[in-house]
Amino acid sequence: MELDDFKHAWQTLDRRLQQQNALNFQLLRSHRIDAMRRGFRPLVIGQTIGMLVGVVARFVLLPLWTHTAPTHDLAVKISGIGLHVYCIGLIVFGGIMQGFVAGVDYAAPVVAIQQRLLKMRRFYIIGGMLIGLPWWFLTAPLLVVLTRGAILDSAPLVIWLQLAIGAAGLAA
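These numbers come from a predicted model, not from an experiment. (Residues numbered from 1 in each chain as written. Predicted model: local features only at pLDDT ≥ 70, side-chain atom pairs only at ≥ 80, totals over all residues. Heavy atoms only, no water.)

Caption draft 1: Layout of the overall build of the protein chain. Helix and strand content of the protein chain: six helices and zero strands. For the protein chain, the C-alpha radius of gyration of 28 Å lies well beyond 16 Å, the compact-globule estimate for 172 residues. Summarising its shape, the C-alpha atoms of the protein chain cover approximately 105 × 35 × 20 Å along the three principal directions. Counting all 172 residues of the protein chain, 24% fall into the buried class. Nonlocal contacts in the protein chain, meaning residues at least 24 apart in sequence, comprise 69% of its contacts between residues at least 6 apart. By element, 70% of the accessible surface of the protein chain is carried by carbon and sulfur atoms, the whole surface being about 11900 Å². Both charge centroids of the protein chain, one from 15 positive and one from 8 negative side chains, sit 12 Å from each other. (Helix = DSSP H or I, 4+ residues; strand = E, 2+ residues; numbered from the N terminus. Rg over C-alpha atoms; globule rule 2.2 N^0.38 Å. Buried < 20%, exposed > 50% of the residue type's maximum accessible area, 1.4 Å probe, protein only. Contact = heavy atoms within 4.5 Å. Areas by Shrake-Rupley, 256 points an atom, 1.4 Å probe, with all protein chains shown as cover. Lys, Arg positive; Asp, Glu negative; His and termini not counted. Charge placed at Lys NZ, Arg CZ, Asp CG, Glu CD.)

This is the structure:
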């Protein structure tokens with residue numbers, strides 16, 4: 001074999017090896033990006049469900065507390081406004097979390113992705129507390145709205161019991 005043929009074969013082999021390494025790197029990167037997206041899927045599904053619950057509850061409960069009997073008008077309105085604000089909070093929190101997930105740039109440097117995930121985690125924890133902790137007390141206003149205030153006459157102890165259970169759960 002001539003020296004020029006040997007050099008040419010060696011260069012061809014080197015180019016093929018570089019192409020193979022580039023393809024392997026792309027496959028590895030693609031696999032890791034897909035794994036990261038799959039990891040976000042439960043979060044996205046959960047936030048979507050939370051947003052849907054917020055939208056449905058908002059439109060189902062809205063007519064119940066806007067058209068009330070005059071005897072318990074103030075209690076029903078306050079309870080309805082509280083539930084309405086909670087539903088809007090669910091929708092906004094879910095939307096912001098969806099924005100965080102959609103805004104992850106998988107081509108960015110690792111440090112930038114980690115900082116983005118840290119911001120998302122911080123917002124998730126704070127938002128989860130703001131959305132999750134009032135959950136302990138939502139049964140009382142929900143009962144007031146669903147009965148349009150009639151429960152305040154027929155079984156006021158139930159409301160106080162729900163509030164006491166909420167306080168105990170929040171304290172625990």
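Caption draft 2: The side chain of Ser-79, seen in detail. One can find Ser-79 in helix α2 (residues 73-102). Those residues within four positions of Ser-79 in sequence are excluded, and the remaining contacts are Pro-141, Val-144 and Val-145.

Caption draft 3: Representation of a nonpolar patch on the surface in the model. A cluster of nonpolar side chains, contributed by Tyr-124, Ile-125, Met-129, Leu-133, Trp-136 and Leu-170, occupies part of the molecular surface with about 570 Å² of accessible area. Of all the elements, helix α3 (residues 110-132) adds the most residues to the nonpolar patch, at three residues. (Patch = residues over 30% accessible without salt bridge, like charges linked within 9 Å, V, L, I, M, F, W, Y side chains within 5 Å. Salt bridge = Lys/Arg side-chain N within 4 Å of Asp/Glu carboxyl O.)

Caption draft 4: Up close: the nonpolar core. Residues Phe-40, Met-120 and Val-145 are the most contacted members of the largest nonpolar core, which totals 25 residues. Elements represented by at least two residues in this core include exactly α1 (3-66), α2, α3 and α4 (139-146). (Core = buried A, V, L, I, M, F, W, Y, C linked by side-chain atoms within 4.5 Å.)

Caption draft 5: Representation of the packing of α2 against α4 within the structure. At a minimum axis distance of 8 Å, the contact between α2 and α4 shows a crossing angle of 125°. Considering the angle they form, α2 stands oblique to α4. Note on packing geometry: the crossing formed by α2 with α4 is left-handed. When α2 is examined against α4, the residues Ala-75, Val-76, Ser-79, Gly-80 and Leu-83 are found in contact with a partner set consisting of Pro-141, Leu-142, Val-144 and Val-145. Split by residue class, the contact of α2 with α4 holds seven nonpolar, two polar and no charged. (Axes fitted to C-alpha atoms, helices over the stretch in contact; angles between N-to-C directions. Parallel < 35°, antiparallel > 145°, perpendicular 65-115°, else oblique. Left-handed = near helix turned anticlockwise from the far one by under 90°. Nonpolar A, V, L, I, M, F, W, Y, C, P; charged D, E, K, R; others polar.)

Caption draft 6: Representation of α4. Buried within α4 we find Ala-140, Pro-141, Val-144 and Val-145. Down the axis of α4, the sector holding all buried residues measures 130°, keeping them to one side. Packed against the buried residues of α4 are α1, α2, α5 (150-154) and α6 (156-171). A positive backbone phi angle near 55° is found at Arg-148, which sits one or two residues after α4. (Arc of directions from axis to C-beta.)

Caption draft 7: Highlighting the packing of α2 against α3. Following both chains from N to C, one finds α2 and α3 inclined at 170°, their axes separated by 10 Å at the closest point. One way to sum up the angle between α2 and α3 is to call them roughly antiparallel. Here Tyr-86, Gly-89, Leu-90, Phe-93, Ile-96, Met-97, Gly-99, Phe-100 and Val-101 of α2 lie close against α3, whose contacting residues are Arg-116, Lys-119, Met-120, Phe-123, Tyr-124, Gly-127, Gly-128 and Ile-131. By residue class, the composition of the contact of α2 with α3 is 11 nonpolar, four polar and two charged.

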